[in-house]
Amino acid sequence: MNAILTQAQQLGDEQSIWFKLTPFLKLNASNPIAFMMQMAERYGPVLPINLGSERVVVITEPEYFKHVLVTKADDYIKYFDGLKPIFGKSMITNDGALWQKIRMPQQPAFHPDAFTDYVPYFVAAIQAKMKQWEDYARTGETVEMVEQTWTLAADMICKALFDRDMPFNPHVVFKYVKTYTDVQEHKGIRQRKQSGETFELTELDAAKAMEAWASVPPAVITADPREEREKTLLKLIENCVADPNIPEFDTQQAIDEIKQYLWAGTETTALTLAWALHLLSLHPEASERVIAESEAILGDREPTAADYTALAYTRSVIQETMRLYPPVWGLIRVAAKDDVIGGKDIRAGDRIVIFGYSAHHNARFWDEPEAFRPERWMDKSAKRQVKYSYIPFGAGKRSCIGGAMSQVENTLALAMLLRRFRPEYVGAVPAPINATVTLTPKGGLHFRIKQLD
Ligand code: HEM
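The shown structure was predicted, so the numbers you read here are calculated from the model rather than taken from an experiment. (Residues numbered from 1 in each chain as written. Predicted model: local features only at pLDDT ≥ 70, side-chain atom pairs only at ≥ 80, totals over all residues.)

*Asks:* Can you explain the overall build of the protein chain? Please cite residues and give values.
*Replies:* When helices and strands are counted, the protein chain shows 20 helices and 12 strands. When each of the 453 residues of the protein chain is scored for burial, the buried share is 42%. Summarising the internal contacts of the protein chain: among those between residues at least 6 apart in sequence, 76% fall at separations of at least 24. (Helix = DSSP H or I, 4+ residues; strand = E, 2+ residues; numbered from the N terminus. Buried ≥ 20, exposed ≤ 12 C-beta atoms within 10 Å, placed from the backbone. Contact = placed C-beta atoms within 7 Å.)

*Asks:* Pulling in residues and values, what's your account of the sheet that holds strand 4 (residues 142-144)?
*Replies:* With antiparallel pairing, the three strands of this open sheet are ordered in space as 4-12-9. Of all strands in the sheet, those bounded by a partner on one side alone are strand 4 and strand 9 (421-425). With direction set aside, neighbouring strand axes in the sheet form an average angle of 40 degrees. As paired elements, strand 4 and strand 12 (residues 446-451) share three bridges and run antiparallel to each other. Across the sheet, E144 pairs through a bridge with H446, a residue of strand 12. (Pairing = 2+ DSSP bridges. Axes fitted to C-alpha atoms, helices over the stretch in contact; angles between N-to-C directions.)

*Asks:* Which residues make up the site of the ligand, and what values go with them?
*Replies:* Taken together, 25 residues are adjacent to the ligand, and G265, T268, G394, C400 and G402 come closest. Of all the secondary structure elements, the ones that give two or more residues to the shell around the ligand are helix 15 (251-282) and helix 20 (403-420). A per-element tally of the shell around the ligand places helix 15 first, with seven residues. (Near = placed C-beta within 6 Å.)

*Asks:* Describe in detail unusual backbone geometry, supporting the description with residues and values.
*Replies:* Residue V429 is joined to P430 through a cis peptide bond whose omega torsion reads -5 degrees. Of note in this structure, E228 is not a glycine but carries a positive phi near 55 degrees. Within the secondary structure, E228 is located in the loop between helix 13 (216-222) and helix 14 (233-242).

*Asks:* Before we move on, could you go through the nonpolar core and cite the residues and values that matter?
*Replies:* Ranked by size, the top nonpolar core spans 109 residues in total, and within it I59 and I157 carry the most contacts. For this core, the leading source of residues is helix 15, giving 15 residues. Residues contacting I59, with those up to four places away along its chain left out, are P45, V46, Y64, F65, I341, I352, I354 and F355. (Core = buried A, V, L, I, M, F, W, Y, C linked by C-beta atoms within 7 Å.)

*Asks:* Outline the environment of K89, supporting the account with residue identities and numerical values.
*Replies:* Looking at the secondary structure, you find K89 in the loop between helix 6 (84-87) and helix 7 (96-103). A C-alpha to C-alpha distance of 8.3 Å links K89 and Q252, two positions 163 residues apart in sequence. Once residues lying within four places of it in the same chain are set aside, the contact partners of K89 are Q253 and D256.

*Asks:* Which residues make up the environment of R364, and what are the values?
*Replies:* The topology assignment puts R364 in the loop between helix 19 (356-360) and helix 20. Taking the number of C-beta atoms within 10 Å as the measure of exposure, R364 has 11 and is therefore exposed.

*Asks:* I'd love a proper account of the sheet that holds strand 8 (residues 351-354), names of residues and values included.
*Replies:* Taken in spatial order, the five strands make up an open sheet running 1-2-8-5-3, and their pairing is mixed. The open sheet has two edge strands, strand 1 (46-51) and strand 3 (76-78), and neither has a second partner. Ignoring which end each strand starts from, the neighbouring axes of this sheet average 35 degrees apart. Sheet topology note: the strand 3/strand 5 (residues 331-335) ladder contains three bridges and is antiparallel. Across the sheet, the residue bridging to K78 is R333, located in strand 5. Contacting strand 1, strand 2 (54-59), strand 3, strand 5 and strand 8, helix 5 (residues 62-71) crosses the sheet at an angle of about 125 degrees to strand 8.

*Asks:* Report on the packing of helix 15 against helix 18 (residues 312-324), specifying residues and quantitative values.
*Replies:* Two measures define how a pair of helices packs: the angle their axes make with one another and the distance between the axes. Two numbers describe how helix 15 lies on helix 18: the axes approach to 9 Å, and their chain directions differ by 100 degrees. With respect to helix 18, the element helix 15 is oriented roughly perpendicular. For the pair helix 15 and helix 18, the contacting residues are T272, W275, A276, L279 and L280 in the first and V317, I318, T321 and M322 in the second. Its residues assigned to classes, the contact of helix 15 with helix 18 shows seven nonpolar, two polar and no charged. (Parallel < 35°, antiparallel > 145°, perpendicular 65-115°, else oblique. Nonpolar A, V, L, I, M, F, W, Y, C, P; charged D, E, K, R; others polar.)

*Asks:* Mind laying out the packing of helix 18 against helix 20, listing which residues take part and the relevant values?
*Replies:* At a minimum axis separation of 9 Å, helix 18 and helix 20 run at an interaxial angle of 120 degrees. Judged on the interaxial angle alone, helix 20 and helix 18 are oblique. The handedness of the crossing between helix 18 and helix 20 is right-handed. Facing helix 18, whose interface residues are T314, R315, V317 and I318, helix 20 presents Q407, N410, T411, L414 and A415. When the residues that make up the contact of helix 18 with helix 20 are grouped by side-chain class, the tally is four nonpolar, four polar and one charged. (Left-handed = near helix turned anticlockwise from the far one by under 90°.)

Spelled out as structure tokens, the structure:
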């Protein structure tokens, strides 16, 4: 427990950028990103901020995103201070040749050809969620949507990629996940502790959560397969462990890869779907279009992989949601060498914040950037998008391995859920947001579920 306790303390680590940005992010409590946006507007597209012993440089121009993530990707390395306990030594945390050795053999599981195999399992997970929603509709109770969509995303991954029914209670694991994703919260706990106040969440709680999190991958590995499928991501991972040509891919690597998928592949997918349902609840006309499209294309039957392309408006809702609420609002890299960006000196060791959110909300790249307009993704004549002005999945060789798959998951989920239910948002408008590693709704997104006739 002691080692885990130490790891828990690292989450609010003063070395972590997410913590160091806290004073800026807290200046506007209901929208911490707003202050960062104002600073970027005022001081230009390359903004160095001195934070004690190190410098953070915030960049906001698409061409600079390209410079860091694509053109000079090898000179800007991954940054994971404070998050290693969550991701272990998984692919997402590595660089260079080792990263390539780990990513390459897993890549086939994310090729679009594989999605055809996954769709029935996504559908099975969505149907299970719909069964729960029938109960919520009957009781009229209020549900927190990120928890709802997280448990759905975890079920989709377990069924489709691991050939397992979730061998854990997703609601409990979600609670663990929340316990330590909020880096600001962790620091808050320590501050309150120092000033002698009582606090709800102790570091021991965080440590316990982490211990429980560590137990999830072994549960996945040892659970009974649903169907003994041969073409799954879990099989690819097992093959890597058995492959003498990749000695680095050991049992611990396999455990950490599973952790990574159950984190990076669920939190982000779930946030997107929850924010999409929030936006649709505030825009009934868009919601009606999703329902009409679902009825026209699917009728009463369940979707197949072929339907994904035809669900164009629904897919646009997901794309527009990720523009307005990019789950990963900023990517962080460490400069390995001195460089120059936009005429400003970058020093080796600088932490670069690639502030994707700012480009997603910039009127130079988007007409009416604050408006929710899914049609903009369908209208070919609309103002042409500037490359790298939309980077929900990052860019370059380190971009998201599961981005395309998540769009299939969320498009099918929206089409199926809205055909049967009307989720009514009952929280504050605008929903207060929290910007830690991801862009989350502060206090959650609360809904009442109505069943359609
Ligand atoms: C809406 C859904 C998603 C969003 C917004 C998202 C976002 C991202 C972003 C921005 C990165 C790049 C991080 C960086 O450059 O520092 C990334 C990487 C990654 N994502 Fe996703 N992701 C999503 C869904 C998924 C899914 C479904 C999976 C897998 C099941 C997944 C697995 C990964 C992995 C393994 C990486 C690391 C890739 C590498 O380092 O080579 N993500 N994701």
